[in-house]
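In case you want the letters, here they are:
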Amino acid sequence: MAGLKSGAPTPQDITVHSQSRVLEITFSDGVTFRIPFELMRVYSPSAEVQGHGHGQEVLQTGKREVDLVALEPIGNYAVQPSFSDGHNTGIFSWDYLYFLGSQQDKLWGDYTERLRAAGVDRDAPMPGKGGHARGSH
């Protein structure tokens, strides 16, 4: 995964809002994003979610109530979140977090369309993950 692009904005402040389930990030260009944990989880850059190539993405469901339980720095270029469903393999570079924040509306639309096309609900449990999702309803 690429780190920072030369001259790209870097985070100046990162706040985890557990109650509202958003990660608030203020970047050096003055822009602040509030990225829902669910969006981060369904668009995790991990191989578990993205697959190992185009068309191998794994549609994530049942992540509306996911919490961020830890956020570890990775060098000076990224963070690695741990989510309440046990997922902790995605490394989110500053570039990727900026992308998620700036493209939220499009990403939510794409996600909703992928759910519709698959005939599944956003809150459906992940298939084949028996008991993996903690705290689900």
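Residue indices follow the written sequence of each chain, beginning from 1 at its first position. With the structure being a predicted model, the display of local features is reserved for residues of pLDDT at least 70 and the display and counting of side-chain atom pairs for 80 or more, all residues being used for whole-chain, interface and lining totals. Hydrogens and water are ignored here; the side-chain numbers use all heavy atoms of the structure.

A. Spotlight on the overall build of the chain. Only runs of H or I of at least four residues qualify as helices and only runs of E of at least two qualify as strands under DSSP, and these elements are numbered from the N terminus. Helix and strand counts for the chain come out as 4 helices and 6 strands. In sequence order, the chain lays out its α and β elements as β-β-β-α-α-β-β-β-α-α. The proportion of buried residues among the 137 residues of the chain is 36%. Throughout this description, buried means an accessible area under 20% of the type-specific maximum (1.4 Å probe, protein chains only), exposed means over 50%, and partly exposed covers the range between.

B. Just the side chain of E38, in detail. By the secondary structure assignment, E38 is in helix 1 (residues 37-42). A relative accessible area of 5% means that E38 is categorised as buried. Non-local contacts of E38, meaning those with residues more than four positions away in its chain, are made with K63, R64, V66, W108, Y111 and R122. A contact between two residues is defined here by any heavy atoms of the two lying within 4.5 Å.

C. A look at unusual backbone geometry. Although it is not a glycine, R21 adopts a positive phi angle of roughly 55°. Tracing the chain through its elements places R21 in the loop between strand 1 (11-17) and strand 2 (22-27). R21 gets classed as partly exposed once you look at its relative accessible area, which sits at 24%.

D. Expanded view of the confidence of the model for the chain. Every residue carries a pLDDT, the predictor's confidence in it, which falls somewhere between 0 and 100. The pLDDT averaged across the chain works out to 89; a share of 90% of its residues lies at or above 70. Confidence drops under a pLDDT of 50 for residues 130-137, and excluding neighbours within four residues, the segment shows 6 contacts in the predicted structure.

E. Up close: the pattern of salt bridges. We count a salt bridge whenever a side-chain nitrogen from Lys or Arg sits within 4 Å of a carboxyl oxygen from Asp or Glu. A full pass over the atoms with the stated rule returns 10 salt bridges. When the shortest N-O distance is used, the salt bridge between R21 and D67 registers 2.9 Å. One end of the pair, R21, is in the loop between strand 1 and strand 2; the other, D67, is in the loop between helix 2 (47-50) and strand 4 (68-74), with 46 residues separating them in the sequence. Residue classification places D67 among the partly exposed residues on the basis of a relative accessible area of 26%.

F. Structural view of the sheet that holds strand 1. The antiparallel open sheet is built from 3 strands, whose spatial order is 1-2-3. Unpaired on one side and paired on the other, strand 1 and strand 3 (32-36) mark the two borders of the sheet. When the angles between neighbouring strand axes are averaged without regard to direction, this sheet yields 15°. Strands were regarded as paired on the criterion that DSSP finds at least two bridges between them. Inspection of the sheet shows strand 2 paired to strand 3 by 5 bridges, in the antiparallel sense. A fitted line through C-alpha atoms represents every axis, and for helices the fit uses only the stretch in contact; the resulting angles, taken between N-to-C directions, go from 0 to 180 degrees.

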